[in-house]
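Each chain, letter by letter, is given below.
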Amino acid sequence: MVCPKVSWGCLLLLLCFSWMGDAEHMKYKDPKQPVNTRIKDLIGRMTLAEKIGQMTQIERSVASADIMKNYFIGSILSGGGSVPAPQATPAMWVNMVNEFQKGALATRLGIPMIYGIDAVHGNNNVYNATIFPHNVGLGATRDPDLVKRIGEATALEVRATGIPYTFAPCIAVCRDPRWGRCYESYSEDHKIVQQMTDIILGLQGEIPVNHTKGVPYVAKNKVAACAKHFVGDGGTHNGINENNTIIDEHGLLGIHMPPYYDSIIKGVATVMVSYSSVNGAKMHANHDLVTGYLKSKLRFRGFVISDWLGIDRITSPAGANYTYSVQAGINAGIDMVMVPFNYTEFIEDATSLVNKSIISMSRIDDAVSRILRVKFTMGLFDNPLADLSFADQLGKKEHRELAREAVRKSLVLLKNGNTPNQQFLPLPKKASKILVAGSHASNLGYQCGGWSIQWMGGSGDITAGTTILDAIKSTVGDATPVVYSENPDDSFMKKNDFSFAIVVVGETPYAETVGDNTDLTILDPGPDTIRTVCSAVKCVVVIVSGRPVVIEPYLPLMEALVAAWLPGTEGQGVADVLFGDYSFTGKLSRTWFKSVDQLPMNFGDPHYDPLFPFGFGLAINSSQPGFSGTRSRGDKKEITVWAALSLLLSLMLAWA
């Protein structure tokens, strides 16, 4: 008979050895193991259901802890305007994200989910966040360091809500301003877009020396970035969103692909596929470009994600053959599918296609390995739950000052006086009476544009910020009255004796296809406001828009013209420059056309005849236009004689 003490001792010893054996084999849970070792160990433990779950991204509105657990869901996103509550606090966001995460961690293998959001100009879905100028304005700054700092601030404000992943930056090279997403593009020139990929270093952190090209890198407390939309989305025919980009190989690789080279070198974690087609081939089903070029040629090792309902749109009409769409999308090289609602159908179809060997297990394993690589790299396995340690970063004063700096540097002065010796700007802070007019002067929503609190943006006080009108009032002298009239009539103008007027007009907010526009006109009654005000008193017109708009007919009426793009929440940056506290430094990153009939028209085209050419931007107190003859920093190519003559002609017309 064995002594009870010896029996219990042996049992404990056996249990100890058993536990040590499990620990030794559970390498994916050991942060000291190399990432590739952890990936290989975890992949070997996963069932097909767990693998396909990792490839599934669903919208927060259909998610729950139980769904995360039961379907092994790998990712959740907030669509535009999808929030836990109106004006939700950081605590509400963190609690929501953690609730979903706990469901994911309760699965057999405890694989954490990754939560994504469209933080495309700041954490713009979130109330009280700092909203920076849209990319079209940032491109005008020609300042990669500024954009990198914006990435750093955005990462902190995204982390403030417990979210570790943003679907940004958009690195499209917009070749036609009629495209509804043109404001998401830094420039018509790929060299400027390439420079601005430095935002990835701000979002994800500085890449270590000798880091392997193509392998994602996300530093602690940073966020995973997403280069989008692969590839050619800015070159669609007639600027129609999600349309066909008709282009030869030289054009595709020379214009639209270069920003992806830079993004991959800078360690971008994910790449989103475009809705659009290239020469008739839907990008979501384009194996040659997604797998053949992005993954094989460029050696991208992060994961490729679809756009919202992206695989559905492989067929026409969308969703006509969903099973085929799943097959075509995954076999093309898409690793994570933004479903975003009907996840059961996606999971069932993907499972069936694998069981029938229509989708290979090696393709599934490649997709899951890439997703896990990003999750391991981000530290999600080691610190999966969010906390409130970054809550004070949301709308932080320093971030708002950075946004204000970005606004100042993005403004482009297009006209200043009718002759070089009669400049109108800067405006005096002391005056008998100043008129501020226009639909966009006192409208924070219009100022921010699309992708601001809601997908399509909004009107009025959509979040915390400073309107251009309020900025003007806080800038002028205490004894200077500022009168605001959105659309004054002739009678109003005759009854008042204004020293000068500031007219702020532009486009209403829009996003994606809703923004496609063949007219590109200023919102009514903007043109009438310009005519009425500028015919009665000397005025500066400030255009708030996501792209160049029709302005030539009104140019002779105004003393000065400023392109303010979509400046975001910090309107004080506009007043800073109008009243001379800072200089105008912005240069057009887009050609400003005379007539929409000229479009598409980009710098270097044989029919180039702009109102204001690419690189144009005046400087105050200079008798010469502040035209940048180089296409971008570091590019020595000078403006052609023909383009110089075009510039001279434009100035002569403006002064006539």
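Every value quoted in this text rests on a predicted model; they were computed, and no experiment measured them.

Novice: Please clarify how empty space enclosed by the protein should be interpreted in this entry.
Specialist: With a probe scaled to a water molecule rolled over the atoms, the places where space remains empty come into view. All chains considered together, the criterion is met by six cavities of 30 Å³ or more. In this structure, the second largest cavity encloses a volume near 90 Å³. Of all elements in the fold, only helix H6 (135-141), helix H7 (144-159) and helix H9 (199-204) reach the threshold of two or more residues within the lining of the second largest cavity.

Novice: What is the right way to read the side chain of Glu 59 from this model?
Specialist: Along the chain, Glu 59 falls in strand S1 (residues 56-59). We note that Glu 59 is buried and unpaired, the nearest opposite charge coming from Arg 60 at a distance of 4.7 Å. A polar side-chain atom of Glu 59 sits 2.6 Å from the main-chain amide nitrogen of Ser 61. Within polar-contact distance, the side chain of Glu 59 engages the side chain of Ser 82 at 2.6 Å. Contact partners of Glu 59, with chain neighbours within four places excluded, come to Ile 76, Leu 77, Ser 78, Gly 79, Ser 82, Trp 308, Pro 340 and Phe 341.

Novice: Honestly, the sheet that holds strand S14 (residues 482-485) in this entry has me stumped. Any pointers?
Specialist: Strand pairing in a sheet takes place through backbone hydrogen bonds and is either antiparallel or parallel in direction. Taken in spatial order, the six strands line up as S12-S17-S16-S15-S13-S14 in an open sheet, and their pairing is mixed. On the outer flanks of this sheet lie strand S12 (412-416) and S14, each paired with one strand and no other. Sheet twist, expressed as the average angle between the axes of neighbouring strands with direction ignored, equals 15°. Across four bridges, strand S16 (residues 539-544) lies against strand S17 (residues 560-563) in parallel orientation. What sits directly across from Val 541, in S17, is Leu 561. Contacting strand S13 (434-437), S14, strand S15 (500-506) and S16, helix H18 (residues 468-475) crosses the sheet at an angle of about 165° to S14.

Novice: Honestly, the UniProt feature "domain: Glycoside hydrolase family 3 N-terminal" (unreviewed entry) in the protein in this entry has me stumped. Any pointers?
Specialist: The UniProt entry lists residues 47-374 under the feature "domain: Glycoside hydrolase family 3 N-terminal" (unreviewed entry), expressed in the numbering used here. In this annotation, residues 47-374 is assigned 40% helix and 10% strand; the end-to-end C-alpha distance for the span is 20 Å.

Novice: How do you make sense of the environment of Ser 485 when you look at a structure like this?
Specialist: Along the chain, Ser 485 falls in strand S14. Residue classification places Ser 485 among the buried residues on the basis of a relative accessible area of 15%. For Ser 485 and Pro 84, which are 401 residues apart along the polypeptide, the C-alpha to C-alpha distance reads 37 Å. Not counting chain neighbours up to four residues away, the residues in contact with Ser 485 comprise Leu 435, Val 436, Ala 437, Gly 438 and Phe 492.

Novice: Explain the UniProt feature "domain: Glycoside hydrolase family 3 C-terminal" (unreviewed entry) in the protein to me, please; I cannot follow it from the model alone.
Specialist: The UniProt entry lists residues 411-618 under the feature "domain: Glycoside hydrolase family 3 C-terminal" (unreviewed entry), expressed in the numbering used here. Annotated as 18% helix and 14% strand, the span residues 411-618 places its first and last C-alpha atoms 10 Å apart.

Novice: Can you help me understand the confidence of the model for the protein in this one?
Specialist: Note: predicted coordinates in regions of low pLDDT should not be interpreted at a detailed level. Taken over all residues, the pLDDT of the protein has a mean of 93, while the share at 70 or more is 91%. Note that residues 1-6 has pLDDT below 50 and, in this model, one contact with residues that lie over four places away or in other chains. Counted against residues more than four places away or in other chains, residues 622-656, with its pLDDT under 50, gives 64 contacts.

Novice: It is not clear to me how the sheet that holds strand S9 (residues 281-282) should be interpreted in this structure. Could you clarify?
Specialist: One open sheet accounts for three strands, arranged S6-S8-S9; its pairing is mixed. Because the sheet does not close on itself, it has two edges, and the strands there are strand S6 (244-245) and S9. Pairing between S6 and strand S8 (residues 277-278): two bridges, direction parallel. Its bridge partner being in S8, Asn 244 is matched across the sheet by Ser 277.

Novice: What am I meant to see in the nonpolar core here?
Specialist: It is characteristic of soluble globular proteins that their nonpolar side chains tend to be buried jointly. Counting residues in hydrophobic clusters, the biggest one holds 122 residues, and the most contacted among them are Leu 42, Tyr 115, Phe 230, Leu 289, Ile 305, Phe 346 and Leu 372. In terms of residue count, the dominant contributor to this core is helix H15 (residues 361-378) (eight residues). Grouped together as the second largest cluster of nonpolar side chains are 72 residues, Leu 411, Ala 511, Val 549 and Met 558 included.

Novice: How should I be thinking about helix H10 (residues 249-256) in this particular structure?
Specialist: Counting along an α-helix, one turn takes 3.6 residues, and residues three or four places apart therefore face a common direction. Taken residue by residue, H10 has Gly 251, Leu 252 and His 256 as its buried positions. The buried residues of H10 occupy one face: seen down the axis, they fall within an arc of 100°. Along H10, exposed side chains directed more than 90 degrees from the buried face belong to Glu 249 and His 250. On its buried side, H10 packs onto helix H11 (258-265), S8 and helix H12 (287-297).

Novice: Whenever I open this one, the pairing of S15 confuses me. Can you help?
Specialist: Among the seven residues of S15, seven are classified as buried, and the element is accordingly described as predominantly covered. Here S15 shows two buried faces, one formed by Phe 500, Ile 502, Val 504 and Gly 506 and the other by Ala 501, Val 503 and Val 505. Sheet topology places S15 next to S16; six bridges connect them, and they run parallel. Across the sheet, Val 504 pairs through a bridge with Val 542, a residue of S16. Taking the sense of rotation as the criterion, the β-α-β connection linking S15, helix H20 (residues 526-536) and S16 turns out right-handed.

Procedures and definitions
- Residues numbered from 1 in each chain as written.
- Predicted model: local features only at pLDDT ≥ 70, side-chain atom pairs only at ≥ 80, totals over all residues.
- Heavy atoms only, no water.
- 1 Å grid on protein atoms, 1.4 Å probe; cavity = no way out; pocket = protein on both sides within 12 Å on 5 of 7 lines; lining within 4 Å.
- Points joined across faces, edges and corners; volume = space filled by probe spheres on them.
- Helix = DSSP H or I, 4+ residues; strand = E, 2+ residues; numbered from the N terminus.
- Buried < 20%, exposed > 50% of the residue type's maximum accessible area, 1.4 Å probe, protein only.
- Lys, Arg positive; Asp, Glu negative; His and termini not counted.
- Salt bridge = Lys/Arg side-chain N within 4 Å of Asp/Glu carboxyl O.
- Polar contact = N/O pair within 3.5 Å; in protein donor to acceptor, adjacent residues only side chain to side chain.
- Contact = heavy atoms within 4.5 Å.
- Pairing = 2+ DSSP bridges.
- Axes fitted to C-alpha atoms, helices over the stretch in contact; angles between N-to-C directions.
- UniProt positions renumbered as here; feature names shortened; annotations may be inferred.
- pLDDT = per-residue confidence, 0-100.
- Core = buried A, V, L, I, M, F, W, Y, C linked by side-chain atoms within 4.5 Å.
- Arc of directions from axis to C-beta.
- Right-handed = clockwise from strand over helix to strand, strands pointing away.

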